[in-house]
Structure formats: C-alpha cells, structure tokens
Amino acid sequence: MKLVGELVDPRGQVVVSDASLAPRRGHTQGPLTIGFLVNEYNPSSGPDFTRYTEVLEQEFRHRLDVTAVVRQHKPVLSRPAGDDILASFRACAGVVNGLAK
Amino acid sequence: MGAFTEAGSLEEWVELAHTEGLTDGLPVYPPTRGAVDALVEASGRDPGQLLGAIPPRGGAATVEVVGANAAMAGCKPEHFEMVLTAVEAMLEDRFNLRGVVTTTHPCWPLVIVSGSVVERLDMAHTESVFSGGGAHANAAIGRAIKLLLWNAGGATPGEPVKEVFGHPGRYAFCVAESPASPWPPLHQARDVDADSGITVFACESPTSVAMWGADDTPVNRLAQLADAMAIKGCNNTHTMGETLVVLTPNEARHLAENGYDRAAVQQQLWQQARRRIGDLLSPGVPPYAWWPDWVDAGNPDELVPVTERPEDIHVMVTGAESIPWMAVCAGWGNLGGYAVSRALPDES
C-alpha cells in the first residue's frame, strides 16, 4: 500500500551565483603589491593574525619583488568586506585573508 | 525527488528522512504533494515565487520549497504566511543569515508573532512560551524555519555550522507576544503599521531574571534586568549590537501603571545596563574598534552600554501571569542577526 505519494524536495535547487573568480595571475614577477585582510576580533586575546601577516610580508618580500603592502582589518568579522576595503585591494597581485586559529 | 517517491509507507519515509539527512534527528512529516499544495494555495502565492537563496548552501527558497519544509514541520495552511514572512525578514541583509546559522555563537533566529493573529491562531503566550507552550502554531512555525535552514540552507553541525555549544531553540524557536501587554504590539513599536506582524531576531536562549530582593520601585526592578543584560561574557556587553528583554504581562502592567511606556523602559535599561571598561578589558587589552566615538575608550571608569541606542533594546511582553518575571535573550552583538519586523496580511 502506497501511503506516501509524490513528495516535494525540501532542499531547493542551489542558486548559482553569477559572480566569477578573479582572473588568475600568470606570474609573480614584480613589482608587486600584496594585500592582507585581517579577520579576527582582537589580536591581544587570540593568536594574532595581524602578526602572522607581518611574518608573511617578510617572506613575500624575501621571495618576490614586493614593493607595496595593503593591510586592512575587517570591521565586522562575520560580514563580507565592504566596497571600500575591496577597492583598496584593487592594485594587489594577491590578497591573503583569514583569521589565526 | 527521485528515490523518495519510492517510500511505500510512513515508516519507510521516516527512515529515508534520516538516512537522506532531511531532518536533524526528530521525525518529520512527509512533504507530500497534496500537503504542500494546500499550503501554497492558502498563501495565494505562485509556488515558483523565489524568496531568496538560503545560505550557506544557497538552496532556492521558492514558495513551494518553503511549503515542503512547512509540511514536514506539520504546519497548517493558516500558519504558512507567517513562515513565509519570517523567511523574507531573515533574508534582509541586516539580519546576516549566513553568519547567524554558521557562527560559533549560540544564537538562532527567534520568530516573534505579535498582534491579533496571536489569538486568532490560538498561539501560546502564557506558560512555557519559549518551549512552544503546547500550541500547534508556535511549534510548527518555529520548526518550519529550522527545517528550511537545515534543508535549503544546509545548516548542519560541523560543516558548515561552527556553533560551539548549540542552542535548544534550533529545534523550534517561535514565541507569541501576549495580547495582555499594556503597550502596542512589538512590530508596531518598530514602525510596522499593521494589525499583526512578525519580528525575527537572532538571540540566545532566555536567561531568567527573577525579582529576588527587588521592591516595587520600577528602577530597582529594571536594575535586576539590567544586571543580567550586562554580564561579562555576553557579546552585547563587549560589542553592543541589539538585545531582547522579555517581561511577563503583570510585570509590564506594573511598570505601565508607574508611568513607563516601552520607550521609557528602553531608556531606563540603556542607562542601567552598562559595564566599566576597566572591568571588561584586562590590562593591556586595547579598546574595541566598534565602540562609537562617544565612548571614552581610554578611561577605565567609563561605563559602556550594551547597545549603541536605547531602541536597540527590544522589549516584548509574554509569559504566564502567575509571578512577575523577566528574561534576557542576548543578541549576537554587533555581528548581525539584527531585528527585522514585517507586516502580516490582515487575513493571515
């Protein structure tokens, strides 16, 4: 006996974003500008991602022809970075984003 | 839905729901075509109408998909418009639904129903109101929201949900405001000009505030509540944002009889619910960047309020009439989950 007939999928089709990935850089030859986006509450109570980006900056400068660095701190870590922050990274060859854990 | 149509019995459906991950562990009704169509028809909306993509998975919340989850929750047709309105409210940017459902913090969307619809749908608003109060509507509406976020949103523990402890309201979190409130319904206080409305707010479970030691003086009674609003481990205490306080109808009437309207309660609590910066930050910890400029962040004796503005303290009235009581449902802080209110159609 069929007690359960046609069922409706409760999950819904995934809505595909029309955003595309930024173009890949084919090389890492300088001069380069590197960006860092810090995304944590408070460096003094956590592992300190800002300090981590400083170490990374030294490495980048050592290995690549990095001539400039843009470092930003997201004001609200749970929200995407605002347009003003994204605009400040426009000249960057790459942006490192994250939080230390 | 492919294989699910092969379920030959209710027992088989229950098993499939678990094995296919369509539920969080509790049994659910099968989303049959007939049950879903009845909900959609009652809403008067097009089944394909897209309310938005439910983060983080991005499942399309069409009216039909929301209906499928509402059917699984056991919603009746008269409950469905409230579910749809709550979903639309949660999808507003200021609510930051993606963050709310995936954060490490124990907050979850609380659906607050206010206005005449509360009595019309026989919603619970007295004893045990935060656990559904034994009413069909409270439980089914809250459960429908949960299932939609689970199924369309993919909000499952571990990946992607990082909530450290969890929140009992994740099973169902819907309350109704008491018609016995001495003040206008919550949605009207938030500038929604309608007889009935919905407010969604991401918050923690209620923390009890009993009136031990307090006399009848409103300032002293509200001080009891303010103390609970500004505990040291609370996100609001450190980051502001928004918070919700709950008063029983008899407590609210006592305040009203002493000249307090809702705005006066908000103002009084905003003045009282504060902590000294020197007590909040250990020596050497810098002040927070999100505090507004008028906070004298370099002064350890500065008293910081739990919200930036009095109106960010949401005041609702519900619960039993037996004993005057209060509660706090702390928010997520300045990270999101801010209250959004929407009107319900007159006939809902």
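Residues numbered from 1 in each chain as written. Chains lettered and ligands numbered in written order. Predicted model: local features only at pLDDT ≥ 70, side-chain atom pairs only at ≥ 80, totals over all residues.

(A) How the structure looks around the overall build of chain B. When helices and strands are tallied, chain B shows 13 helices and 12 strands. Counting only C-alpha atoms and orienting by the principal axes, one finds that chain B spans roughly 65 × 45 × 30 Å. For chain B, the proportion of its 348 residues judged to be buried stands at 54%. Long-range contacts, defined as pairs at least 24 residues apart, comprise 80% of the intrachain contacts of chain B with a sequence gap of at least 6. (Helix = DSSP H or I, 4+ residues; strand = E, 2+ residues; numbered from the N terminus. Buried ≥ 20, exposed ≤ 12 C-beta atoms within 10 Å, placed from the backbone. Contact = placed C-beta atoms within 7 Å.)

(B) Looking closely at the sheet that holds strand 3 (residues 94-98) of chain A. All names here are of chain A. Across the sheet, which stays open at both edges, the 3 strands sit in the order 2-1-3 with parallel pairing between neighbours. The sheet is open, and its two borders are formed by strand 2 (66-73) and strand 3, each paired with just one other strand. Looking at each pair of strands side by side, their axes are set apart by 15 degrees on average, direction ignored. As judged from the 7 bridges shared by strand 1 (residues 32-38) and strand 2, these two strands associate in the parallel manner. Counterpart to Leu37 in the pairing with strand 2 is Gln72. (Pairing = 2+ DSSP bridges. Axes fitted to C-alpha atoms, helices over the stretch in contact; angles between N-to-C directions.)

(C) Structural view of the packing of helix 3 (residues 63-73) of chain B against helix 4 (residues 77-90) of chain B. Residue and element names in this part refer to chain B. Here helix 3 crosses helix 4 at 120 degrees, and the two axes come no closer than 10 Å. Classified by the angle between their axes, helix 3 and helix 4 sit oblique to one another. The handedness of the crossing between helix 3 and helix 4 comes out as right-handed. Mapping the contact onto sequence places Val63, Val66, Gly67 and Ala70 in helix 3 and Phe80, Val83, Leu84 and Val87 in helix 4. Within the contact of helix 3 with helix 4, the residues separate by chemical class into 7 nonpolar, 1 polar and no charged. (Parallel < 35°, antiparallel > 145°, perpendicular 65-115°, else oblique. Left-handed = near helix turned anticlockwise from the far one by under 90°. Nonpolar A, V, L, I, M, F, W, Y, C, P; charged D, E, K, R; others polar.)

(D) Looking closely at the pairing of strand 7 (residues 242-247) of chain B. Residues and elements named next belong to chain B. Within strand 7, 6 of the 6 residues are buried, which leaves the element mostly enclosed by the surrounding structure. Summarising the sheet, strand 7 and strand 11 (residues 326-333) pair through 5 bridges and their orientation is antiparallel. Looking at the pairing, Val245 lines up with Val328 of strand 11. Two elements, strand 7 and strand 10 (residues 313-317), share 5 bridges in a ladder whose sense is parallel. Of the residues in strand 10, the one forming a bridge with Leu244 is His314.

(E) Representation of the packing of helix 3 of chain B against helix 7 (residues 136-151) of chain B. Residues and elements named next belong to chain B. Close contact between helix 3 and helix 7 brings their axes to 8 Å; oriented N to C, the two are set at 130 degrees. For the element pair helix 3 / helix 7, the angle class is oblique. The handedness of the crossing between helix 3 and helix 7 comes out as right-handed. For the pair helix 3 and helix 7, contact is made by Val66, Asn69, Ala70, Met72 and Ala73 and by Ala140, Arg143, Ala144, Leu147, Leu148 and Asn151, respectively. Here the residues of the contact of helix 3 with helix 7 sort into 8 nonpolar, 2 polar and 1 charged.

(F) A look at the interface of chain B and chain A. At the interface, 40 residues of chain B touch 21 residues of chain A. In terms of residue count, the dominant contributor to the side of chain B that touches chain A is helix 3 of chain B (5 residues).

(G) Focus on the environment of Gly34(B). Along the chain, Gly34(B) turns up in helix 2 (residues 33-43). For the pair Gly34(B) and Thr62(B), spaced 28 residues apart in the sequence, the C-alpha separation amounts to 17 Å.

(H) Geometry of the nonpolar core. Val83(B), Val111(B), Val200(B) and Val245(B) are the most contacted members of the largest nonpolar core, which has 110 residues in total. When residues no more than four places from it in sequence are discounted, the contact partners of Val245(B) are Leu225(B), Met229(B), Leu269(B), Ile313(B), Val315(B), Met326(B) and Val328(B). (Core = buried A, V, L, I, M, F, W, Y, C linked by C-beta atoms within 7 Å.)

(I) Geometry of the pairing of strand 1 of chain A. Residues and elements named next belong to chain A. Taking burial as the measure, the 7 residues of strand 1 include 6 buried ones, the bulk of the element. Where strand 1 and strand 3 come together, 5 bridges link them in parallel fashion. Considered in strand 3, the bridge of Gly35 is made with Val95.

(J) Representation of unusual backbone geometry within the structure. Residues and elements named next belong to chain B. In this structure, the amide linkage connecting Pro55 to the following residue, Pro56, adopts the cis form with an omega of 0 degrees. Note that Pro56 resides in the loop between strand 1 (50-54) and strand 2 (59-62). The omega torsion across Glu159 and Pro160 is 5 degrees, close enough to zero to call that bond cis. Topologically, Pro160 is positioned in the loop between helix 7 and strand 4 (174-176). In this structure, Asn96 takes a positive phi of about 55 degrees despite not being glycine. Note on placement: Asn96 falls in the loop between helix 4 and helix 5 (97-102).

(K) Main features of the confidence of the model for chain A. Summarising the model, chain A shows a mean pLDDT of 81, and 77% of its residues fall at 70 or more. At the low end of the mean pLDDT range in chain A sits strand 3 of chain A, at 86; at the high end sits helix 2 (residues 83-88) of chain A, at 92. (pLDDT = per-residue confidence, 0-100.)

(L) Examining helix 7 of chain B more closely. Spanning 16 residues, helix 7 of chain B covers 22 Å between terminal C-alpha atoms, matching the ideal 22 Å at 1.5 Å per step. For helix 7 of chain B, the tally of buried residues reaches 15 of 16 residues, placing the bulk of the element in the interior. (Expected span 1.5 Å × (residues − 1).)

(M) Local environment of the confidence of the model for chain B. Taken over all residues, the pLDDT of chain B has a mean of 95, while the share at 70 or more is 97%. If you check the scores for this complex, the pTM reads 0.88 and the ipTM reads 0.89.

(N) Seen up close, the environment of Gly154(B). Residue and element names in this part refer to chain B. By secondary structure assignment, the location of Gly154 is in the loop between helix 7 and strand 4. Gly154 sits 131 residues away from Thr23 along the chain, and the two C-alpha atoms are 11 Å apart. Contact partners of Gly154, with chain neighbours within four places excluded, come to Pro56, Arg57, Gly59 and Pro160.

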